[in-house]
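Architecture at a glance
Here are the chains, one letter per residue:
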Amino acid sequence: MAAAGDGPWLDDAAGRLVRPFTVSNGRTRPSVALDLMSQVMATGSTPLGYLGPEHATALHLTSAPVSVAEIAAHLKLPAAVTKVLLSDLLDCGALTTKPPEYHHIPTDRALLEAVLDGLRRQL
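Reading the values: rules and limits
Residues numbered from 1 in each chain as written. Predicted model: local features only at pLDDT ≥ 70, side-chain atom pairs only at ≥ 80, totals over all residues. Heavy atoms only, no water. Buried < 20%, exposed > 50% of the residue type's maximum accessible area, 1.4 Å probe, protein only. Helix = DSSP H or I, 4+ residues; strand = E, 2+ residues; numbered from the N terminus. Salt bridge = Lys/Arg side-chain N within 4 Å of Asp/Glu carboxyl O. Pairing = 2+ DSSP bridges. Contact = heavy atoms within 4.5 Å. Axes fitted to C-alpha atoms, helices over the stretch in contact; angles between N-to-C directions.

With that settled, consider helix α3 (residues 68-75). Where burial is concerned, most of α3 is hidden: 6 out of the 8 residues are buried. Immediately beyond the C-terminal end of α3, within one or two residues, lies Lys76, with a positive phi of roughly 60°.

This is the structure:
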């Protein structure tokens, strides 16, 4: 039995029915370097060609600037897979990105804890 709104991708008892890397067609490297805290935002351009449901969901989430980590959490996909999906959208001009502005060292414990707390609140 599929969870409401999840279509054929998730099953209440079995969990994810499709392996995460199937979503990215087996690709593990994005064409654009993205940091987990990079901000992405929709440009308003309509992507040409077929994009999967995860691409459409990611695009819908980016009506305002949002981090790669937040999108991965919403999609319930590994960050590596999310980066590939987002790079597809960047390549076709549907998204724009800007690197994160670090006010701290990116491996600063307080910063990492703040990101983790934000992700937990989203789930």
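Our focus in this paragraph is the pattern of salt bridges. Any two side chains of opposite charge can pair, on the condition that their charged atoms come close. In the structure shown here, the tally under the stated rule is 1 salt bridge. A salt bridge links Arg109 to Glu113; its shortest N-O distance comes to 2.9 Å. Here Glu113 and Arg109 lie together in helix α5 (residues 109-122), a separation of 4 residues that amounts to about one turn. The exposure class assigned to Glu113 is partly exposed, which follows from its relative accessible area of 37%.

A few words on the environment of Ala56. With respect to the helices and strands, the residue Ala56 is situated in helix α2 (residues 53-61). The sequence separation of Ala56 and Leu85 amounts to 29 residues, and the corresponding C-alpha distance is 9.8 Å.

Moving on: the sheet that holds strand β3 (residues 39-42). With antiparallel pairing, the 3 strands of this open sheet are ordered in space as β4-β3-β5. Each edge of the sheet is formed by a strand with only one pairing partner; in this case those strands are β4 (66-67) and β5 (95-98). Note that β3 and β5 share 4 bridges and pair antiparallel. Among the inter-strand pairings, Ala42 is bridged to a residue of β5, identified as Leu95. Its contacts with the sheet place helix α4 (residues 79-91) against β3 and β5, and it is angled at close to 110° to β5.

This is a description of form; function is not addressed.
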